[in-house]
Amino acid sequence: MNSTNNIDERMLKYLPWLGAMAIFMQALDGTILNTSLPTIALELGKSPLEMQSIIVAYTLTVALLIPLSGWLSDKYGTKKVFQSAILIFTLGSVFCAFATTLPALVISRIVQAVGGSMMVPVVRLAILYAYPKKELLKVINFITIPGLIGPLLGPSLGGVLVETLSWHWIFLVNIPFGIIALWMTTFAIPDYKHPVFKFDIKGLILFSGGITVLTLVMELTSSRVINSTTILLLLIVSVFLIFLYIYHAKRKSHPLIDLNLFKIRTLKIGIIGNLITRLGIGGMPFLIPLLLQVGYGYSATIAGLIMIPSAASNIFAKSFAVPIVNKFGYRDTLIGNTLILGILICLFYFLKSEAPIYYILPLLVVHGFFSSIQFTAMNTLSLADLDEKTSSEGNSLLSVTQQLSLTFGISMAALILGIFREATVLTNGVEVQAFRYSFLALGFLTILSTYIFFQLKDTDGQAMAGRK
């Protein structure tokens, strides 16, 4: 490792602030859109229930480019790559604001995601290089706080902006943050470089191709734009590409994603658990704002405000996650917590067509609490048994999985909602009824996902859990 810039006190002082801003920008952008989808759909002449592609395009692009971000920063320097990331993210936000059609908005979101995929990983890498290990915990805790504030402000700020100004402002709000971040890069981020292996381009093409086609299958199925034969053919193509990647990765010395990592039990179960469990719970942040606006007719501002207690509960629960895992261990915590989450999602089925807020709010608060416990436990389990040789690649694999699980969760929720909207025998054409049955299906899916955590041993992750 070498640095082209000397690391002075000023740089060490402001680097965490730059990291905090990058995390805040990404967290805010990830949540500000949810309450704005119905308004955007109205102006673009689309159904609010078919707008998930705006979110999916972003999360999928971020997931696929995360492995590339680390390689680029090691080869070309953390400073140059981070500056490029901020610039691309900000320009992508401008393109989003001026998009006049859904395809244009989706393409603009992909541009924005190219920058977003590099922003947080690269500045986090710079922090790992810049600070001694004894100071890292304090610095990382500092930079993650804005990541918790973003989801708290995002839904309500999005609602206020679309009602008082226009939906374009949910993207324009990124511009001042981008300009400040670019200015800070002139003095707040070192330019670290590392020797690199040749990047696995073939692996990226195979892996991203397989995952993209799989996501496309879910998207096209939910929107009913192609027939079942085409969907089946696309599914076969997706599976074929993924198997080709597996074949390729087993024979390459430095693949995009090292499949040998799956020999680590806790990482394997944590990764699979992330993907499968979030098929049930991952779509809730997408469905609930839609239910509040499309189903119950609340304004975007009110829908955003209703989401605040859930986000606050999510933050509050983080202080309980470690003591709960320490007391019960990962196996019992994840089995019990997943079952509770599944039951909670099923309870949304009992919402009526005129459901009062006092029924929705407690459900959202409790759901936010147990979701926080779930994500913290799954993520720390994944990292529990990594050593110095596997920590970097294992952490990168976890980051990719988290983004893919967001993508699949939203796509699955949209797919199930689309199925029940078509099932008029059950819903009588009432939108709220389609949501109710969707929650029931997602709840059962979450309960079934508990099976993966039964594969854990009582001793798994005990070093991370602080248990003897």
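Caption draft 1: Representation of the pattern of salt bridges within the structure. For the coordinates displayed, the defined rule picks out two salt bridges. A salt bridge links Asp29 to Arg109; its shortest N-O distance comes to 3.0 Å. Of the two residues, Asp29 sits in helix H1 (residues 9-32) while Arg109 sits in helix H5 (residues 102-130), which places them 80 residues apart along the sequence. Of the residues examined, Asp29 reaches a relative accessible area of 1% and is grouped as buried. One salt bridge in this structure joins Asp191 and Lys80, with 2.9 Å as the shortest N-O distance. Taken together, the residues span a long stretch of sequence, with Asp191 in the loop between helix H8 (174-188) and strand S2 (192-193) and Lys80 in helix H4 (residues 78-97) at a distance of 111 residues. Residue classification places Asp191 among the buried residues on the basis of a relative accessible area of 3%.

Caption draft 2: View of the packing of helix H11 (residues 265-281) against helix H17 (residues 431-448). Closest axis-to-axis distance for the H11/H17 pair is 7 Å, and the angle between their directions is 160°. The orientation of H11 relative to H17 falls into the category roughly antiparallel. Judged by the twist between their axes, the crossing of H11 over H17 is left-handed. Residue-level contacts link Thr277, Leu279, Gly280 and Ile281 of H11 to Leu442, Leu445 and Thr446 of H17. Of the residues in the contact of H11 with H17, the class split is four nonpolar, three polar and no charged.

Caption draft 3: Inspection of the side chain of Ser208 at higher detail. Along the chain, the position of Ser208 falls in helix H9 (residues 201-223). A relative accessible area of 16% places Ser208 in the buried class. A distance of 2.4 Å separates a polar atom in the side chain of Ser208 from the backbone oxygen of Leu204. Within polar-contact distance, the side chain of Ser208 engages the backbone oxygen of Ile205 at 3.4 Å.

Caption draft 4: Spatial organisation of helix H13 (residues 300-347). Here H13 spans only 24 Å end to end across 48 residues, well under the 70 Å set by a 1.5 Å rise per residue. Along H13, the sharpest kink reaches roughly 110°, centred on Gly329.

Caption draft 5: Examining the confidence of the model for the chain more closely. Overall, the prediction assigns the chain a mean pLDDT of 81, with 90% of residues at 70 or greater. Confidence, expressed as mean pLDDT per element, reaches its minimum in the chain at strand S1 (residues 2-3) with 45 and its maximum at H4 with 91. The low-confidence segment residues 1-5 (pLDDT under 50) makes 15 contacts with residues lying over four places distant or belonging to another chain.

Caption draft 6: Up close: a nonpolar patch on the surface. Residues Leu232, Leu233, Leu235, Ile236, Val239 and Phe243 make up a contiguous nonpolar surface patch of roughly 580 Å² in combined accessible area. With respect to the secondary-structure elements, Leu232 resides in helix H10 (residues 228-251).

Caption draft 7: Structural context of H4. The terminal C-alpha atoms of H4, which comprises 20 residues, lie 29 Å apart, in line with the 28 Å expected from a rise of 1.5 Å per residue. Within H4, the full set of buried residues consists of Thr78, Lys79, Val81, Phe82, Ala85, Ile86, Phe89, Thr90, Gly92, Ser93, Cys96 and Ala97. Where H4 is buried, its residues touch H1, helix H3 (52-76), H5, helix H7 (169-172), H8 and S2.

Caption draft 8: Up close: the packing of H13 against helix H14 (residues 357-383). For the pair H13 and H14, the least separation of the axes is 3 Å and the interaxial angle reads 45°. In terms of orientation, H13 lies oblique with respect to H14. Here the residues of the contact of H13 with H14 are counted per class, giving 29 nonpolar, 13 polar and one charged.

Caption draft 9: Here's a closer look at the environment of Ile211. Examined against the element boundaries, Ile211 turns out to sit in helix H9. Ile211 has contacts with Leu60, Leu64, Ile242, Leu404 and Phe408, leaving out every residue within four places of it along the chain.

Caption draft 10: Summary view of the nonpolar core. Judged by nonpolar contacts, the single largest core of 120 residues is most densely connected at Ile40, Leu105, Phe207, Phe286 and Phe439. The greatest single-element share of this core, amounting to 13 residues, is contributed by helix H15 (residues 391-422). Beyond its immediate stretch of four places on either side in the chain, Phe207 contacts Leu64, Tyr245, Leu256, Ile257, Val400 and Leu404. By size, the runner-up hydrophobic cluster in this structure holds 11 residues, among which are Leu334, Met378, Ile452 and Leu456.

Caption draft 11: Region of the structure containing the environment of Ile264. Looking at where Ile264 falls in the secondary structure, it is placed in the loop between H10 and H11. Placed 110 residues apart in sequence, Ile264 and Gln374 show a C-alpha to C-alpha distance of 20 Å.

Caption draft 12: View of the packing of aromatic side chains. If you walk through the whole model with that rule in mind, you get 14 aromatic pairs. A ring pair is formed by Tyr349 and Tyr437, whose centres lie 5.5 Å apart and whose planes are at 65°; its orientation type is edge-to-face. Here Tyr349, found in the loop between H13 and H14, pairs with Tyr437, found in helix H17; they are 88 residues apart in sequence, far enough to count as distant. An aromatic cluster of at least three residues, connected via ring pairs, comprises Phe316, Phe320, Phe369 and Phe370. The positively charged end of Lys327 is found above the aromatic ring belonging to Phe328, 5.7 Å away from the centroid. Taking NZ or CZ as reference, Arg436 lies 4.4 Å from the ring centre of Tyr349, over its face.

Reading the values: rules and limits
- Residues numbered from 1 in each chain as written.
- Predicted model: local features only at pLDDT ≥ 70, side-chain atom pairs only at ≥ 80, totals over all residues.
- Heavy atoms only, no water.
- Salt bridge = Lys/Arg side-chain N within 4 Å of Asp/Glu carboxyl O.
- Helix = DSSP H or I, 4+ residues; strand = E, 2+ residues; numbered from the N terminus.
- Buried < 20%, exposed > 50% of the residue type's maximum accessible area, 1.4 Å probe, protein only.
- Axes fitted to C-alpha atoms, helices over the stretch in contact; angles between N-to-C directions.
- Parallel < 35°, antiparallel > 145°, perpendicular 65-115°, else oblique.
- Left-handed = near helix turned anticlockwise from the far one by under 90°.
- Contact = heavy atoms within 4.5 Å.
- Nonpolar A, V, L, I, M, F, W, Y, C, P; charged D, E, K, R; others polar.
- Polar contact = N/O pair within 3.5 Å; in protein donor to acceptor, adjacent residues only side chain to side chain.
- Expected span 1.5 Å × (residues − 1).
- Bend = angle between axes of the 7 residues up to and from the residue.
- pLDDT = per-residue confidence, 0-100.
- Patch = residues over 30% accessible without salt bridge, like charges linked within 9 Å, V, L, I, M, F, W, Y side chains within 5 Å.
- Areas by Shrake-Rupley, 256 points an atom, 1.4 Å probe, with all protein chains shown as cover.
- Core = buried A, V, L, I, M, F, W, Y, C linked by side-chain atoms within 4.5 Å.
- Phe/Tyr/Trp six-rings, centres within 6.5 Å; stacked < 30°, edge-to-face > 60°.
- Lys NZ or Arg CZ within 6 Å of the ring centre and 35° of its normal.

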